[in-house]
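# Observations on chain architecture
Letter by letter, the chains look like this.
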Amino acid sequence: MNSGINTQARRVVHQYSPKDRHAINRIQEKFSCCGADSYTDWSRSVGWKNHDAVPGSCCLEKGKGCGHDKDKAHKKGCISAIKLFLLKNLVWVGGVCIALGITEVFGVLVGVCLCLDIKSKNYENIN
């Protein structure tokens with residue numbers, strides 16, 4: 001999974017095709033990141049023509065032409081930001097699954113105890 005994320009992110013930023021631009025820009029804005037590994041990825045992108053600038057979605061503060069000043073762009077790459085997001089959320093999902101599993105085991109044990117208690121008592125059949 002790790003290698004797949006790295007390869008795909010680098011490829012998409014390098015190509016920066018029109019069909020992927022909206023998604024890339026949204027990711028960069030949501031995760032406050034720029035490029036795959038860092039903002040310098042944009043200087044090597046074949047789809048991004050202005051190699052002296054970065055997309056506006058990389059800017060710390062949005063404004064007209066903010067991407068022309070690389071000092072005002074996010075420095076961290078999106079690969080590390082996405083991995084951190086996934087790791088944080090996987091821990092929560094795992095914790096919820098473990099809690100539900102423990103709850104179910106507790107429910108089964110209570111059911112078994114109840115059945116054994118009912119079986120141990122002698123009840124008369126009413127005819």
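Residues numbered from 1 in each chain as written. Predicted model: local features only at pLDDT ≥ 70, side-chain atom pairs only at ≥ 80, totals over all residues. Heavy atoms only, no water.

### A short note on the packing of aromatic side chains
Counted under the stated rule, the structure contains 4 aromatic pairs. A ring pair is formed by Tyr16 and Trp48, whose centres lie 5.7 Å apart and whose planes are at 80°; its orientation type is edge-to-face. Residue Tyr16 is located in the loop between helix H1 (2-15) and helix H2 (18-31), and its partner Trp48 is located in the loop between H2 and helix H3 (78-120); the two are separated by 32 residues in the primary sequence. An identical accessibility class is assigned to Tyr16 and Trp48; each is buried. Each ring, one from Trp42 and one from Trp48, has its centre 5.9 Å from the other, and the planes form 65°; the classification is edge-to-face. Residue Trp42 shares its accessibility class with Trp48, and that shared class is buried. An aromatic cluster of at least three residues, connected via ring pairs, comprises Tyr16, Trp42 and Trp48. (Phe/Tyr/Trp six-rings, centres within 6.5 Å; stacked < 30°, edge-to-face > 60°. Helix = DSSP H or I, 4+ residues; strand = E, 2+ residues; numbered from the N terminus. Buried < 20%, exposed > 50% of the residue type's maximum accessible area, 1.4 Å probe, protein only.)

### Remarks on the UniProt feature "transmembrane region" (unreviewed entry) in the chain
Mapped onto the present numbering, the UniProt feature "transmembrane region" (unreviewed entry) falls on residues 90-116. The span residues 90-116 shows a helical share of 100% and a strand share of 0%, and its end C-alpha atoms are spaced 39 Å apart. (UniProt positions renumbered as here; feature names shortened; annotations may be inferred.)

### Observations concerning the environment of Val54
Within the fold, Val54 resides in the loop between H2 and H3. The class of Val54 is buried, set by a relative accessible area of 3%. When the C-alpha positions of Val54 and Ser43 are compared, they lie 7.9 Å apart, and in sequence the two are 11 residues distant. Not counting chain neighbours up to four residues away, the residues in contact with Val54 comprise Cys34, Tyr39, Trp42, Trp48, Gly67, Lys70 and Ala73. (Contact = heavy atoms within 4.5 Å.)

### What to know about the state of the cysteines
Summed over the entire model, instances satisfying the criterion amount to 3 disulfides. Disulfide partner of Cys33: Cys78, at an S-S distance of 1.9 Å. Looking down the S-S bond of the Cys33 and Cys78 bridge, the torsion is 90°, so its handedness is right-handed. One end of the pair, Cys33, is in the loop between H2 and H3; the other, Cys78, is in helix H3, with 45 residues separating them in the sequence. Residue class for Cys78 comes out buried when judged on its relative accessible area of 8%. Cys34 shares a disulfide with Cys58; S-S distance 2.1 Å. Handedness here is read from the sign of the S-S torsion; for Cys34 and Cys58, about 85°, the answer is right-handed. You can see Cys34 sitting in the loop between H2 and H3 and its partner Cys58 sitting in the loop between H2 and H3, a full 24 residues away along the chain. For the pair Cys34 and Cys58, a shared accessibility class is recorded, and that class is buried. Across the chain, the disulfide pattern expressed with sequentially numbered bonded cysteines is 1-6, 2-3, 4-5. (Disulfide = S-S within 2.5 Å.)

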